[in-house]
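Residue-level listing of the chains:
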Amino acid sequence: MESKIFSYKVDGIVLTPVDDQLNISPAFNRKELLNKLKDLFKDGDYKLDERTLDYKIKDGQLYVEGVVTKQEAAKSIGFMSGK
């Protein structure tokens, strides 16, 4: 099974300071973000493994990291019966 690791920079989701101890991001819809990621990999026949998703903050910017796996064509097994 072929897999790839990815890191996706989520534009517009940057932490802004509230006070000395707290930074906060603007609201975003995680489900929309997930659908966007699925669409990005659909063309290459890769499927997003949602269990591997990790939300990271680097220099105040949100990144989503995870694994995508290449979808293999289903193999059919035929049974032959002799009479």
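To be clear, the structure that these remarks concern was listed above.
Residues numbered from 1 in each chain as written. Predicted model: local features only at pLDDT ≥ 70, side-chain atom pairs only at ≥ 80, totals over all residues. Heavy atoms only, no water.

(A) Just the packing of aromatic side chains, in detail. Under the counting rule described, the total for this entry stands at 1 aromatic pair. Taking the centre distance of 5.1 Å and the plane angle of 50° together, the rings of Phe 6 and Phe 41 count as tilted. Of this pair, Phe 6 sits in strand β1 (residues 3-14) while Phe 41 sits in helix α1 (residues 30-42); the two residues are 35 residues apart in sequence, bridging distant segments of the chain. A relative accessible area of 9% places Phe 6 in the buried class. (Phe/Tyr/Trp six-rings, centres within 6.5 Å; stacked < 30°, edge-to-face > 60°. Helix = DSSP H or I, 4+ residues; strand = E, 2+ residues; numbered from the N terminus. Buried < 20%, exposed > 50% of the residue type's maximum accessible area, 1.4 Å probe, protein only.)

(B) Structural context of the nonpolar core. Counting 13 residues, the largest nonpolar core has Phe 6, Tyr 8, Val 10, Leu 37, Leu 48, Leu 53 and Val 64 as its most contacted members. The greatest single-element share of this core, amounting to 4 residues, is contributed by β1. Sequence-distant contacts of Leu 37, defined by excluding residues within four places in its chain, comprise Phe 6, Tyr 8, Leu 48 and Val 64. (Core = buried A, V, L, I, M, F, W, Y, C linked by side-chain atoms within 4.5 Å. Contact = heavy atoms within 4.5 Å.)

(C) The arrangement of the sheet that holds strand β4 (residues 46-58) in detail. Pairing is antiparallel in the open sheet, where 3 strands are placed in the order β1-β5-β4. With one partner strand each, in any of the chains shown, β1 and β4 form the two edges of the open sheet. Strand-to-strand twist of the sheet, defined as the mean angle between neighbouring strand axes without regard to direction, takes the value 25°. For β4 and strand β5 (residues 61-70), the ladder comprises 9 bridges, and the chain directions are antiparallel. Each bridged residue has a counterpart across the sheet, and for Ile 57 the counterpart in β5 is Leu 62. (Pairing = 2+ DSSP bridges. Axes fitted to C-alpha atoms, helices over the stretch in contact; angles between N-to-C directions.)

(D) The pattern of salt bridges, seen in detail. Enumeration according to the criterion identifies 5 salt bridges in this entry. For Lys 38, the salt bridge identified is with Glu 50, shortest N-O distance 3.0 Å. With Lys 38 in helix α1 and Glu 50 in strand β4, the pair connects residues that are 12 residues apart, well separated along the chain. By relative accessible area, Glu 50 is classed as partly exposed at 42%. Between Asp 39 and Lys 42 there is a salt bridge, with its nearest N and O atoms 3.4 Å apart. Taken together, the positions of Asp 39 and Lys 42, both in helix α1 and 3 residues apart, correspond to about one turn of that helix. The exposure class of Asp 39 is partly exposed, given its relative accessible area of 45%. (Salt bridge = Lys/Arg side-chain N within 4 Å of Asp/Glu carboxyl O.)

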